[in-house]
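Observations on the three-dimensional arrangement
Residue strings, one per chain:
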Amino acid sequence: MKLIRFGAVGSEQPGVQLEDGTIIDVSAFGTDYNEDFFGNDGIEKLKVWLEANQQSCPIVGDEVRLGVPLTRPSKIVCVGLNYAQHAAEAGMEIPKEPVLFFKATSSLVGPNDDVIIPKGGDKTDWEVELSIVIGKKASYVEEADAYNHIAGYVLHNDVSERAFQLERSGQWCKGKGCDTFAPVGPFIATKDEIKDPNNLNLWLKLNGEVMQNSSTSDFIFNVEKVVSHISQFMTLLPGDIISTGTPFGVGLGLTPPVYLKPGDVMELGIEGLGVSRQVCKAYSK
């Protein structure tokens with residue numbers, strides 16, 4: 001299934017995108033896509049419910065805004081430098097184990113919402129990423145068991161303010177957690193829809209020009225390794241997001257570097273996970 005949420009900011013309702021692209025309203029199912037849903041076999045229960053109720057579900061028009069395709073999770077855990085060529089363009093050594101940082105959950109926005117260049121930011125950058133949505137509480141999980149803890153996968157633009165991230169003291173989270181810096185969606189594809197998450201094409205265009213075009217087959221640490229590794233240090237709860245890193249082609253790595261400015265348009269996609277689009281806007285009160 002493809003899980004979506006739709007409606008005005010703060011008033012989103014759960015929906016499902018059908019194979020033909022039609023979006024239906026499944027709010028009558030009775031629960032949003034939250035921790036309880038993912039942690040209590042909500043996906044399987046929704047499948048059963050749809051068998052009896054799909055025909056009576058209202059159709060959602062194309063003009064309706066898409067929101068973040070799950071409610072605010074307990075955490076967003078990100079993996080840095082997880083593609084060898086991206087580590088090289090950033091001038092950093094290939095890590096011996098996954099580099100982890102957090103992204104503020106308040107940075108989440110819908111897949112086609114505007115990205116706001118933060119106050120004082122002048123080096124805002126793009127990063128197309130495959131994200132994992134946790135479906136079962138995970139603590140000290142072995143790699144062989146990792147997929148049993150995954151609900152599905154989602155497209156994520158890990159927008160980053162490089163000046164805050166790299167030129168200010170402290171941790172990377174300064175440059176990662178700004179408002180609107182986590183456009184996610186358009187939908188969560190349940191894991192049965194993605195045969196091999198470690199072999200997916202992913203790309204990003206800036207103003208129509210291809211900037212990133214790679215494959216998750218270039219992962220340094222694959223999906224099962226990432227889930228297992230993170231679970232050694234913290235409990236992953238249902239609905240938590242793990243963002244698995246970005247390939248080469250970010251603005252920081254260009255000569256000279258290129259950063260986002262108001263009016264720029266980012267379009268990005270991952271095989272099997274749809275396409276999103278964000279327009280950059282300047283910060284204003």
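As shown above, the structure is provided for reference.
Fair warning: this is a prediction, and the values are worked out from it, not measured in the lab.

A closer look at the overall build of the protein
When you go through the protein residue by residue, the secondary structure sums to six helices and 19 strands. Computed over its C-alpha atoms, the radius of gyration of the protein comes to 18 Å, within 12% of the 19 Å expected for a compact globule of 285 residues. A buried classification covers 55% of the 285 residues belonging to the protein. Across the protein, the fraction of contacts at a sequence separation of at least 24, relative to all contacts at a separation of at least 6, is 74%. For the protein, the exposed area adds up to about 12,400 Å²; of that, 49% sits on carbon and sulfur atoms. Charge separation in the protein, taken as the distance between the mean sites of 25 positive and 38 negative side-chain charges, equals 6 Å.

With respect to the environment of L50
For L50, the position within the fold is in helix α2 (residues 42–53). On the basis of relative accessible area, L50 is assigned to the buried category, the value being 8%. Residues L50 and V16 lie 34 residues apart in sequence; the distance between their C-alpha atoms is 9.7 Å. Among residues more than four places away in sequence, those in contact with L50 are M1, V16, I24, V26 and C57.

Observations concerning the packing of aromatic side chains
Taken as a whole and judged by the stated rule, the model has six aromatic pairs. Pairing F29 with W49 gives two aromatic rings, centres 5.7 Å apart and planes at 70°, and the pair type is edge-to-face. Of the two residues, F29 sits in the loop between β3 (23–25) and α1 (35–39) while W49 sits in helix α2, which places them 20 residues apart along the sequence. Geometrically, the ring pair formed by Y33 and F37 is tilted, given 4.9 Å between the ring centres and 55° between the ring planes. Residue Y33 is classed as buried on the basis of its relative accessible area, which comes to 0%. The rings of F29, Y33, F37, F38 and W49 are connected pair by pair, giving a single aromatic cluster. Over the face of the ring belonging to F187 we find K2, whose NZ or CZ atom lies 5.6 Å from the ring centre. Above the plane of the ring of W203 lies K205, whose end atom (NZ or CZ) is 5.6 Å from the centre.

What to know about the pattern of salt bridges
One pass over the structure, following the stated rule, counts 17 salt bridges. K176 serves as the salt-bridge partner of E127, at 3.3 Å between the closest nitrogen and oxygen. Here K176 lies in helix α5 (residues 173–176) and E127 lies in the loop between β9 (124–125) and β10 (128–134), a separation of 49 residues in the sequence. There is no split in this pair, since E127 and K176 are both buried.

Looking at the sheet that holds strand β16 (residues 209–215)
Ordered in space as β8-β19-β18-β15-β16, the five strands form an open sheet in which the pairing is mixed. Each edge of the open sheet is held by one strand with a lone partner, namely β8 (115–117) and β16. Taking each pair of neighbouring strands and ignoring which way they run, the sheet shows an average axis angle of 20°. Sheet analysis places β8 next to strand β19 (residues 274–282), joined by three bridges and oriented parallel. The residue of β19 that forms the bridge with V115 is C280.

Points about helix α6 (residues 223–231)
With eight of nine residues buried, α6 lies mostly within the body of the structure. Within the sequence span of α6, burial applies to V223, E224, V226, V227, S228, H229, I230 and S231. Buried residues along α6 sit in contact with β5 (76–80), β6 (99–103), β10, β11 (150–157) and β17 (241–243).

Conventions used here
- Residues numbered from 1 in each chain as written.
- Predicted model: local features only at pLDDT ≥ 70, side-chain atom pairs only at ≥ 80, totals over all residues.
- Heavy atoms only, no water.
- Helix = DSSP H or I, 4+ residues; strand = E, 2+ residues; numbered from the N terminus.
- Rg over C-alpha atoms; globule rule 2.2 N^0.38 Å.
- Buried < 20%, exposed > 50% of the residue type's maximum accessible area, 1.4 Å probe, protein only.
- Contact = heavy atoms within 4.5 Å.
- Areas by Shrake-Rupley, 256 points an atom, 1.4 Å probe, with all protein chains shown as cover.
- Lys, Arg positive; Asp, Glu negative; His and termini not counted.
- Charge placed at Lys NZ, Arg CZ, Asp CG, Glu CD.
- Phe/Tyr/Trp six-rings, centres within 6.5 Å; stacked < 30°, edge-to-face > 60°.
- Lys NZ or Arg CZ within 6 Å of the ring centre and 35° of its normal.
- Salt bridge = Lys/Arg side-chain N within 4 Å of Asp/Glu carboxyl O.
- Pairing = 2+ DSSP bridges.
- Axes fitted to C-alpha atoms, helices over the stretch in contact; angles between N-to-C directions.

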